[in-house]
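Reading the structure
Residue strings, one per chain:
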There are 2 protein chains.
Amino acid sequence: MLKVPAHQVAGHRADGGKLGPLVDDSGRFYKPLQGDERGAREVAFYTSFSSDTKVPDHISRFFPKFYGTQLLEASDGSGMKPHVVLQDLTFSRVNPSVMDIKIGSRTWSPEESAEQIQKCLKKDRESSSLPLGFRLSGMQIFGTKESGFWKPEKTWIQSISTNEVRLLLKKFVSSDTSALKPDCAFASIVYGGSKGILSQLLELKAWFEDQTSYHFFACSILMMFEKELALDGKSPCPEIKLVDFAHVFEGRGVIDHNFLGGLCSLIKFISEILTTPEDSATNGLVEDVHRSHVYPENGSA
Amino acid sequence: MLKVPAHQVAGHRADGGKLGPLVDDSGRFYKPLQGDERGAREVAFYTSFSSDTKVPDHISRFFPKFYGTQLLEASDGSGMKPHVVLQDLTFSRVNPSVMDIKIGSRTWSPEESAEQIQKCLKKDRESSSLPLGFRLSGMQIFGTKESGFWKPEKTWIQSISTNEVRLLLKKFVSSDTSALKPDCAFASIVYGGSKGILSQLLELKAWFEDQTSYHFFACSILMMFEKELALDGKSPCPEIKLVDFAHVFEGRGVIDHNFLGGLCSLIKFISEILTTPEDSATNGLVEDVHRSHVYPENGSA
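Attention in this report is confined to the structure presented alongside it. Quick caveat: nothing in here was measured; it's all calculated off a predicted structure. (Residues numbered from 1 in each chain as written. Chains lettered and ligands numbered in written order. Predicted model: local features only at pLDDT ≥ 70, side-chain atom pairs only at ≥ 80, totals over all residues. Heavy atoms only, no water.)

**Quick look at the overall build of chain A**
Tallying secondary structure elements over chain A gives 11 helices and 12 strands in all. A globule of 301 residues ought to have a C-alpha radius of gyration of about 19 Å, and chain A, at 19 Å, matches this closely. Dimensions along the principal axes, computed over C-alpha positions, put chain A at roughly 45 × 45 × 35 Å. The proportion of buried residues among the 301 residues of chain A is 56%. A fraction of 70% describes how many contacts in chain A between residues 6 or more apart in sequence connect residues 24 or more apart. About 12,600 Å² of surface is accessible on chain A, with carbon and sulfur atoms providing 53% of the total. Each charge class in chain A can be summarised by its mean position, and for the 34 positive and 38 negative side chains these summaries are 1 Å apart. (Helix = DSSP H or I, 4+ residues; strand = E, 2+ residues; numbered from the N terminus. Rg over C-alpha atoms; globule rule 2.2 N^0.38 Å. Buried < 20%, exposed > 50% of the residue type's maximum accessible area, 1.4 Å probe, protein only. Contact = heavy atoms within 4.5 Å. Areas by Shrake-Rupley, 256 points an atom, 1.4 Å probe, with all protein chains shown as cover. Lys, Arg positive; Asp, Glu negative; His and termini not counted. Charge placed at Lys NZ, Arg CZ, Asp CG, Glu CD.)

Rendered as structure tokens:
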């Protein structure tokens with residue numbers, strides 16, 4: 001039985017008769033292939049990457065498992081369409097807090113057309129991509145069973161300032177999604193520690209300093225964890241995954257300096273939250289976030 | 001007695017009645033201030049940086065010493081003009097091999113005008129800046145007292161391919177500037193070792209992973225050494241210096257991911273020369289470089 005993914009925070013959604021990804025009950029995620037070169041590039045990437053013996057296990061674990069492609073009734077009722085079959089990344093999770101962060105100050109490859117470059121450059125300039133080297137594409141934070149998820153509007157989150165980005169990265173690991181000042185209560189067990197998100201980002205960084213096979217444009221890092229597990233005294237299972245490979249190009253012997261630069265910038269933001277959670281940089285900005293348009297969603301538990 | 005610098009490999013030159021920097025006999029370098037905001041920004045940077053107590057000594061040594069500004073008869077005979085007074089970086093050197101590498105896939109700040117952005121973006125696309133994260137701006141390699149310096153034309157060097165960049169980074173540390181295949185004879189003592197260029201670049205990288213005060217656009221790293229000292233069995237005094245700060249902007253709490261990405265890319269190229277100097281990637285390309293327009297200059301010894 002195929003259904004709309006419950007915890008998708010960015011990208012096209014399959015609800016309301018639109019075309020989007022579906023999931024099944026066995027942990028698989030079916031993403032409709034974009035008809036143009038983007039679909040072809042995404043399949044080419046997964047095919048190449050999943051058989052690339054140079055990628056070590058501690059890195060390939062950051063990517064969704066790939067199960068080939070499959071013809072499937074599309075979610076918009078337009079008939080049978082090719083889908084790429086992937087691991088459903090939130091399958092084993094109950095009420096995950098999820099953040100989708102598009103990495104790189106540049107979301108376009110030098111190989112793209114002048115028109116495409118101008119289109120992406122405009123978006124990069126209007127978002128935090130250009131100043132920060134990354135932008136938030138979407139997020140949900142689990143509050144309580146009663147309040148459900150805090151999920152800001154995508155159009156808003158993609159246009160926020162540096163200080164608002166910093167604040168949302170703190171809010172993501174705070175105990176109360178409606179508090180005016182984030183307490184960063186879960187920072188040390190989600191971002192910190194030997195198995196925390198910072199540690200995983202640093203492993204990824206070391207690989208990007210070396211690998212020259214792939215250049216990832218407009219690719220996202222998902223950060224996920226489960227607040228309820230932490231409240232039960234268990235590990236919140238913090239985890240990063242890379243997604244969206246419709247703009248992966250051959251590296252041709254050069255490192256992906258665009259992705260690496262953005263990744264280092266994100267690492268610096270996360271590090272600062274761990275070392276100075278009470279930094280005054282976000283004071284006075286909390287209100288801005290609360291004035292923004294948000295809507296609650298119910299938790300699935 | 002002011003004169004035209006002997007070992008300038010990039011930027012405006014003061015010879016032929018043009019406006020450019022001058023040097024004196026005491027080790028000072030006089031750079032005419034650009035009349036627009038670029039001149040103001042460069043002075044603002046040097047003023048701020050030279051009194052910035054957060055910059056550790058092992059990093060400030062990579063920057064020219066700053067001695068303020070001074071009104072001086074300009075090299076083009078246009079009268080008294082303000083100059084920024086700096087350390088002459090090649091003052092104590094005899095026949096230095098020098099390479100000027102402009103760092104960053106983007107030579108423009110997000111704060112610049114749309115017109116300026118398009119102008120710089122065009123140059124970045126036409127050079128190796130966009131694919132590699134850096135471009136060679138100029139270079140000279142000392143050959144022998146008889147042959148003098150090998151100094152490729154600036155217009156050519158700024159438009160070369162990835163493999164030609166790799167080849168020139170090898171040729172820079174090879175014994176014979178006219179050999180078809182670079183032997184990388186000096187790679188281990190110039191690029192390698194605890195005081196070599198790679199080690200210095202890694203120190204700079206560690207600082208860029210942390211510092212959030214300055215964003216350096218269109219800034220260059222100079223790499224210098226002296227082949228003759230190596231031939232005498234002495235250290236060739238490998239050294240890096242950062243120059244050109246007309247496009248330095250405030251970092252505002254964010255790392256300079258554009259400079260850092262390009263720096264990591266350069267580091268990867270240099271590392272590969274040290275680990276695999278005989279890499280086949282440059283085979284068959286040597287001829288391209290030798291077909292290019294070069295002109296010899298005499299050594300000063």
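**Here's the deal with the interface of chain B and chain A**
The interface is formed by 33 residues belonging to chain B together with 33 residues belonging to chain A. Contact with chain A buries area across many residues of chain B, yet Leu130, His257 and Lys268 of chain B alone supply 23% of it, more than any other trio. In this structure, the connection of chain B to chain A is made through 4 salt bridges. Measuring nitrogen to oxygen at the nearest pair gives 2.7 Å for the salt bridge that ties Lys268 of chain B to Asp210 of chain A. Counting across the chain B and chain A interface gives 13 residue pairs in polar contact (both at pLDDT 80 or more). Looking at the side of chain B that touches chain A, the elements with two or more residues in it are α3 (114-126), α4 (129-132), α6 (162-171) and α10 (257-275) of chain B. The element best represented in the side of chain B that touches chain A is α10 of chain B, accounting for 8 residues. Split by residue class, the side of chain B that touches chain A holds 13 nonpolar, 12 polar and 8 charged. (Buried area = accessible area lost by both parts, 1.4 Å probe. Salt bridge = Lys/Arg side-chain N within 4 Å of Asp/Glu carboxyl O. Polar contact = N/O pair within 3.5 Å; in protein donor to acceptor, adjacent residues only side chain to side chain. Nonpolar A, V, L, I, M, F, W, Y, C, P; charged D, E, K, R; others polar.)

**What about the sheet that holds strand β4 (residues 80-87) of chain A?**
Residue and element names in this part refer to chain A. Taken in spatial order, the 4 strands of this open sheet run β1-β2-β4-β3, and their pairing is antiparallel. Looking at the sheet topology across the chains shown, the edges are occupied by β1 (22-23) and β3 (66-73). In this sheet, strand β2 (residues 28-32) lies alongside β1 in antiparallel orientation, the contact comprising 2 bridges. Bridge pairing in β2 links Val23 to Phe29. Each of β2, β3 and β4 is contacted by helix α1 (residues 37-50), which is oriented at about 150° to β3, the strand it contacts most. (Pairing = 2+ DSSP bridges. Axes fitted to C-alpha atoms, helices over the stretch in contact; angles between N-to-C directions.)

**Comments concerning the relation of the copies chain B and chain A**
The two copies are related by a screw operation: chain B maps onto chain A through 180° of rotation and 0.0 Å of translation along the axis, at an RMSD of 0.0 Å. Both chain copies can therefore be described as sitting about a two-fold axis. For chain B, the minimum C-alpha distance to the rotation axis belongs to Gly261 of chain B and amounts to 2.3 Å. Looking at chain B, 100% of its interface residues are interface residues in chain A too, so the copies touch through the same face. (Least-squares fit on C-alpha atoms with pLDDT ≥ 70 in both.)

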